[in-house]
Amino acid sequence: MYAERVLSGMRPTGRLHLGHYHGVLKNWVQLQNEYPCLFFVADWHALTTAYDEPGTIEENAWEMVIDWLAAGVDPAQATLFIQSRVPEHAELHLLLSMMTPLGWLERVPTYKDQQEKLEHKDLSTYGFLGYPLLQSADILIYRANRVPVGEDQVPHIEFSREIARRFNHLYGREPDFEEKARAALKKLGAKRAGLYDELRTRFRQDGDHQARDRARALIEEVQNLPIEDRERLFGFLEGEAKMILVEPGALLTEAAKMPGLDGQKMSKSYNNAIYLRESADSVTKKIRTMQTDPARVRRTDAGDPDKCPVWQFHLVYSDEGTKQWVQQGCRSAGIGCIECKHPVIDAVLKEQEPMHERAQAYIDDPTLVRSIIADGCEKASKLAGETMRDVREAIGLDYT
Ligand code: TRP
Ligand code: SF4
């Protein structure tokens, strides 16, 4: 139940580009081999800023899932689903909203930042303020302990940890918690119970996190331990209450330096992007016409790769030999810019070839994508349903 689990979401804002691929998707493809992964379309999150243009979200969602699949996200390994198709997210969000201090939300740095950035839009809405709380519900409902995100999202993960802690503190309390935890410990058998005690002491006295992780693994291994007891033993390790919701940690994705065609960050709004499923002709043309070192006016002028966005592409795509060839050739005017761009064009096209191939099947038969998502939603609903049962019970709203 508390095994390692990865979860991440992406807002459906339009076609994905190479920045998404090198910054996020490559990492997902790697993670799906290592952990059980859940990846979802955060369509409600898109609605927090696009509430006045909702018609775009659904189409973007389907296209985005095709982009994921094209990039190599494998539905046989990872669970892919759409947030709004698992309405338990909304129920958890609502319940959490009852115990979330407004000040916590107002202090999340992305709140003011985004409002200022999107100043043409009225974002003084209830939903937008609640953005990080909805994200917390997304994470906590799967008891996901690893959340791959970029640097900008780290405050949201920290916020989710605080929410989980507050929830456990409020609703995981029971009058005779310690006795119940001790009774649960007995069910582990003398040997395991002894080891648990030792590891718990090491964690609580000396702050030994490895000891805590070992104790968690120990509980994990026990078959047929009732969920309640498991929650008590997890909670007893760290405090005085059951651990109903798990505190997640950020899995920081190294910000891949994928520059745009003009050397700024690649972004749709800067109009400097190469899209994952862009045609070979169009990609070739974009790179051919891309800016180079402005000081290199004539072929005979020497250039400086540090002032050239093409060099940034070489850093992502080229091997050592090619990079040396560029450095030398550019600085001595030994190569021309078109020549310099060839290896980049080849590398991007080669990277995209399998993406086009994978995508084709889904374009030819859209029901394939629909059924991948239907499957994923079903799996996600099952997991979300289990957590919600515990959550309702802890709050005292299970009406059984
Ligand atoms: N806020 C995230 C972003 O803008 C998207 C997101 C929504 C998310 N829910 C999530 C990411 C849960 C990780 C986990 O990128
Ligand atoms: Fe840029 Fe290459 Fe031209 Fe130098 S030779 S300016 S690195 S494109």
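Here the residue index of a chain counts from 1 through its sequence in written order. Lettering for chains starts from A, numbering for ligands starts from 1, and both go in the order in which the items are written. Where local features are concerned, this predicted model is filtered to residues with pLDDT of at least 70; where side-chain atom pairs are given and counted, the filter is 80 or more; whole-chain, interface and lining totals use all residues. Side-chain descriptors were evaluated using all non-hydrogen atoms of the structure, hydrogens and water having been removed beforehand.

Trainee: Provide a residue-level description of the packing of helix α11 (residues 190–206) against helix α13 (residues 227–238), including the pertinent values.
Mentor: If you want to describe how two helices pack, look at the angle between their axes and the distance between the axes. Interaxial distance between α11 and α13 falls to 8 Å at its minimum, and their mutual angle equals 40°. Together, Y196, R200, F203 and R204 of α11 and L233, F236, L237 and E238 of α13 make up the contact between the two elements. Residues are sorted three ways: Asp, Glu, Lys and Arg are charged, Ala, Val, Leu, Ile, Met, Phe, Trp, Tyr, Cys and Pro are nonpolar, and all the rest, Gly among them, are polar. Looking at the contact of α11 with α13 residue by residue, the class counts come to five nonpolar, no polar and three charged. In this analysis an axis means a line fitted to C-alpha atoms, helices contributing only their contacting stretch, and an angle means the value between N-to-C directions, from 0 to 180 degrees. Helix numbering and strand numbering both begin at the N terminus, where a helix is a DSSP run of H or I of at least 4 residues and a strand a DSSP run of E of at least 2. In this analysis, two residues are considered to be in contact whenever any of their non-hydrogen atoms come within 4.5 Å of each other.

Trainee: Give a detailed account of the site of ligand 2, specifying residues and quantitative values.
Mentor: We call a residue near a molecule or strand whenever a single non-hydrogen atom of that residue lies within 4 Å of it. The full set of residues close to ligand 2 is T292, D293, R296, C308, V310, V326, C330, C337 and C340. Those elements that place two or more of their residues in the shell around ligand 2 are α16 (320–331) and α17 (337–364). The residue makeup of the shell around ligand 2, split by class, is six nonpolar, one polar and two charged.

Trainee: I'd like a rundown of the pattern of salt bridges, residues and numbers included.
Mentor: It is possible for side chains bearing opposite charge to pair when their charged atoms get close. Salt bridge, as applied in this entry: a Lys or Arg side-chain nitrogen positioned within 4 Å of an Asp or Glu carboxyl oxygen. Going through the model one piece at a time under the given rule, you end up with 34 salt bridges. Linking D52 and K121 is a salt bridge whose minimum nitrogen-to-oxygen distance equals 3.1 Å. Placement of D52 in the loop between α2 (43–50) and α3 (57–71) and of K121 in the loop between α6 (109–117) and α7 (126–129) is noted, with a sequence separation of 69 residues between them. The salt bridge partner of K187 is D229, with a shortest N-O separation of 2.6 Å. Highlighted residues: K187 in the loop between α10 (177–186) and α11 and D229 in helix α13, separated in sequence by 42 residues.

Trainee: So what's going on with the site of ligand 1? Which residues, and what values?
Mentor: The environment of ligand 1 is formed by 14 residues, the closest being R11, Y131, Q135, D138 and Q153. In this structure, R11 approaches ligand 1 through a side-chain N or O atom, which is 3.1 Å from an oxygen atom. The definition of a polar contact used here is a pair of N or O atoms within 3.5 Å, where within protein one atom must be able to donate a hydrogen and the other to accept one, and adjacent residues in sequence count solely through side-chain atom pairs. Side-chain polar atom of Y131 to a nitrogen atom of ligand 1: 2.7 Å apart, as the coordinates give it. Note on areas: Shrake-Rupley, 1.4 Å probe, and residue coverage restricted to the protein chains presented here. Here ligand 1 has 370 Å² of accessible area as a free molecule, and 91% of this is covered by the chains.

Trainee: Kindly report on the nonpolar core, identifying the contributing residues and their values.
Mentor: Throughout this description, the term nonpolar core refers to a set of buried Ala, Val, Leu, Ile, Met, Phe, Trp, Tyr and Cys residues connected via side-chain atoms within 4.5 Å. Think of it in three bands: with a 1.4 Å probe and only protein chains considered, a residue is buried below 20% of the maximum accessible area for its type, exposed above 50%, and partly exposed in between. With 89 residues, the main nonpolar core has L25, F39, W68, L80, L96, Y142 and F313 as its most contacted residues. Per-element accounting of this core gives the leading share, nine residues, to α3. Residues from two domains meet in this core; each of domain 1 (6–172 + 247–257 + 365–395) and domain 3 (277–353) gives at least three. Filtering out sequence-adjacent residues up to four positions away, F313 remains in contact with M258, P259, G260, L261, M266, I274, M290, S318 and V344. The next biggest cluster of nonpolar side chains, apart from the first, holds 19 residues, and it includes A193, V222, F234 and L237. By convention here, the domain bounds are inherited from an automatic or database domain assignment.

Trainee: Outline the domain arrangement of the protein chain, supporting the account with residue identities and numerical values.
Mentor: Taken domain by domain, the protein chain consists of domain 1 (6–172 + 247–257 + 365–395), domain 2 (177–238) and domain 3 (277–353). Inter-centroid distance (C-alpha atoms) of domain 1 to domain 2 is 31 Å.

Trainee: Give a description of the packing of α3 against helix α18 (residues 366–395) that names residues and reports values.
Mentor: Relative to each other, α3 and α18 sit at 90°, their axes nearing to 11 Å. The pairing of α3 with α18 is recorded here as roughly perpendicular in orientation. Here α3 contributes W62, V65, I66 and L69 to the contact with α18, which in turn contributes V369, R370, I372 and I373. When the residues that make up the contact of α3 with α18 are grouped by side-chain class, the tally is seven nonpolar, no polar and one charged. Convention used here: angles under 35 degrees read as roughly parallel, angles over 145 as roughly antiparallel, angles from 65 to 115 as roughly perpendicular, and any remaining angle as oblique.

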